[in-house]
Amino acid sequence: MMKLFKVLILSSLFVAGCIPAHSEVWTLDSCVSYATRHNVTIRQQQLNVSQGELAITEAKDRFLPSIDGSASQSFNFGRGLTAENTYANRNTSSTQWNIGLSLPLFQGMSEYSRLKIARLSLTQYLYEVEAAKENLSLNVIAQYLQVLYCKEVEKTAQSQLELSAFEVERQKALIEAGKVAEATLYDLESVAAQDRLQLITAQNDTRTALVNLTNLLQLKEMENFDVAPLEESDPPLPDPEAVYASALGSNGSIQGARQGVVVANENIFYAKTGYIPTLSFNAGLGSSYYTVAGMPNQGFGAQMRNNFSTYLGFSLRIPIFDGFNTRNSIRRAKLQKLNADLQLEQREIDLYKEIRLAYYQASGARERFHTSSETLEKAQLSFDSTRERFNLGRATQADYEQAKNNLFRTQINRIQALYEFLIRNKILQFYSKGSL
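Residues numbered from 1 in each chain as written. Predicted model: local features only at pLDDT ≥ 70, side-chain atom pairs only at ≥ 80, totals over all residues. Heavy atoms only, no water.

(A) Quick look at the pairing of strand β7 (residues 278-292). Bridge count for strand β5 (residues 92-106) against β7 is 14 bridges, and the pairing is antiparallel. By the bridge assignment for β7, Gly100 is matched with Gly284. Pairing of β7 with strand β8 (residues 309-317), which is carried by nine bridges, proceeds in the antiparallel orientation. Following the sheet pairing, Leu279 is matched in β8 by Leu316. (Pairing = 2+ DSSP bridges. Helix = DSSP H or I, 4+ residues; strand = E, 2+ residues; numbered from the N terminus.)

Here it is, written out as structure tokens:
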């Protein structure tokens, strides 16, 4: 009974050790969503939005009046002019205060244009944030599929190693039975060592791909991080012209460039406001207190009441010649408008090129995938036949290794074609829908 109890305990520990640690599996949608919320680059772009909102507030505040208060105290010593128009040695002191108000009534439409530019710029910042999210999403998609590709390669390498290990064990059994020479075992062990090296390389590539993905997600821990496979293995390929037409209306980079053209147009109008007159209203009040040494002086309160004054006025400014500053500002704004037009044109060209290139690459990868799938079936049959003949002693070690390597290369080519197709197709779907 004690022995049976020990066996049960050891069996339980073995089973518990074989159960893998809990890992958090992330889908493609969850990776993209998390990255767009936590990536540092996106948060930096969102600071521009906050600055744009502040610019709108500042533009609105420029319509408000300005109120200023001032006070001064001065002392004079030595000779000074008297009431009799002569000079004499005397000391004087003066106290003054003033409160003034200035209200812009008409600023030549410049403040209205400034407010409009601030609002248009905020819209452009929002589009640029969306463009940054789209670029990050595409990077996450590519890296996510890279992880899946590396995992498939790792599985294939593991399968190759298992085949080699099985052949090594089978050869050892044949040697012990005296049916084959021991020299054949060395070749099989060498092949198994090469397969083990391939597996280690594939495992390292998988870990590297996971590190790159977690870096995009801004995750600090990756010990329990894993990704879920895609549900679609051969999704339909969208039409590139339809994708481009859809992307022109939804792509954040294109919309941001268009908004940049609108902002540049408004900047031209803002520069032209330098030719328009401005009108403002001014008002204020103040008083003063003055003393002369050796002379009778009224008290502080009496002088403040007697010297109290108010004023109202209007100020009209008519620009006549400003050293060509307004003219140069208009020319500069027009150059910025041309640059914005060129940026929009270049982004449309780049988008069209990227979509067409993704379509052709996806089409070629899908054809290679289907071709390699057919080739894989034949390579599998060839390997099975060669393996059976090798086990019967009718094929050489070189024939067996050649068939095994051909099968491995065909499997890798099929995996490469599949995930290249999936990456390019996901790019097309993303541009078509604006999201996954």
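(B) Looking closely at the pattern of salt bridges. What the rule picks out here adds up to 13 salt bridges. Across the salt bridge formed by Arg170 and Glu167, the nearest N and O atoms sit 3.2 Å from each other. With Arg170 and Glu167 both in helix α4 (residues 110-176) and three residues apart, this pair spans about one turn of that helix. (Salt bridge = Lys/Arg side-chain N within 4 Å of Asp/Glu carboxyl O.)

(C) Representation of the environment of Asp187 within the structure. In this fold, Asp187 is placed in helix α5 (residues 183-217). Residue class for Asp187 comes out partly exposed when judged on its relative accessible area of 42%. A C-alpha to C-alpha distance of 9.9 Å links Asp187 and Glu401, two positions 214 residues apart in sequence. (Buried < 20%, exposed > 50% of the residue type's maximum accessible area, 1.4 Å probe, protein only.)

(D) Inspection of helix α3 (residues 40-61) at higher detail. Helix length check: α3, at 22 residues, gives a terminal C-alpha distance of 32 Å against a target of 32 Å (1.5 Å per residue), a fit within 8%. All buried positions along α3 are accounted for by Ile42, Val49, Gly52, Ile56 and Ala59. Burial along α3 is one-sided: seen end-on, the buried residues are contained in an arc of 85 degrees. The exposed set on the far side of α3, more than 90 degrees from its buried face, consists of Leu47 and Gln51. Of the surrounding elements, those touching the buried residues of α3 are α2 (28-38) and α4. N-cap assignment for α3: the residue whose side-chain oxygen lies 2.9 Å from the backbone N of Thr41 is Asn39. (Expected span 1.5 Å × (residues − 1). Arc of directions from axis to C-beta. Contact = heavy atoms within 4.5 Å. Polar contact = N/O pair within 3.5 Å; in protein donor to acceptor, adjacent residues only side chain to side chain.)

(E) The arrangement of the packing of aromatic side chains in detail. Using the criterion set out here, one finds 13 aromatic pairs in the structure. An aromatic cluster is present here, built from Trp26, Tyr34 and Phe225 joined pairwise through their rings. Over the aromatic face of Phe324 sits the side chain of Arg327, whose NZ or CZ is 4.2 Å from the ring centroid. (Phe/Tyr/Trp six-rings, centres within 6.5 Å; stacked < 30°, edge-to-face > 60°. Lys NZ or Arg CZ within 6 Å of the ring centre and 35° of its normal.)

(F) Examining the packing of helix α6 (residues 240-250) against helix α9 (residues 325-391) more closely. Two elements in contact, α6 and α9, have axes separated by 10 Å at closest approach and are oriented at 145 degrees. Two packed elements cross with a definite hand, and for α6 against α9 that hand is right-handed. Two secondary-structure elements touch here, α6 through Pro240, Glu241, Val243, Tyr244, Ala247 and Leu248 and α9 through Glu348, Leu351, Tyr352, Ile355, Arg356 and Tyr359. When its residues are assigned to classes, the contact of α6 with α9 shows nine nonpolar, no polar and three charged. (Axes fitted to C-alpha atoms, helices over the stretch in contact; angles between N-to-C directions. Left-handed = near helix turned anticlockwise from the far one by under 90°. Nonpolar A, V, L, I, M, F, W, Y, C, P; charged D, E, K, R; others polar.)

(G) Main features of the sheet that holds β8. With antiparallel pairing, four strands are arranged side by side in an open sheet as β2-β5-β7-β8. Where the open sheet ends on each side, the last strands, each with one partner, are β2 (66-76) and β8. Pairs of neighbouring strands in the sheet enclose a mean axial angle of 20 degrees, with direction left out of account. Bridge count for β2 against β5 is eleven bridges, and the pairing is antiparallel. Paired with Ser74 across the two strands is Ser94, which belongs to β5.

(H) Seen up close, a nonpolar patch on the surface. Residues Leu105, Phe106, Met109, Tyr112, Phe269 and Phe314 make up a contiguous nonpolar surface patch of about 610 Å² in total accessible area. By the secondary structure assignment, Phe106 is in strand β5. Phe106 gets classed as partly exposed once you look at its relative accessible area, which sits at 34%. (Patch = residues over 30% accessible without salt bridge, like charges linked within 9 Å, V, L, I, M, F, W, Y side chains within 5 Å. Areas by Shrake-Rupley, 256 points an atom, 1.4 Å probe, with all protein chains shown as cover.)

(I) A look at unusual backbone geometry. Positive phi, normally seen in glycine, also occurs at Met109, with a value near 70 degrees. Here Met109 is to be found in the loop between β5 and α4. Positive phi outside glycine occurs at Phe324, with the angle close to 65 degrees. With respect to the element layout, Phe324 can be found in the loop between β8 and α9.

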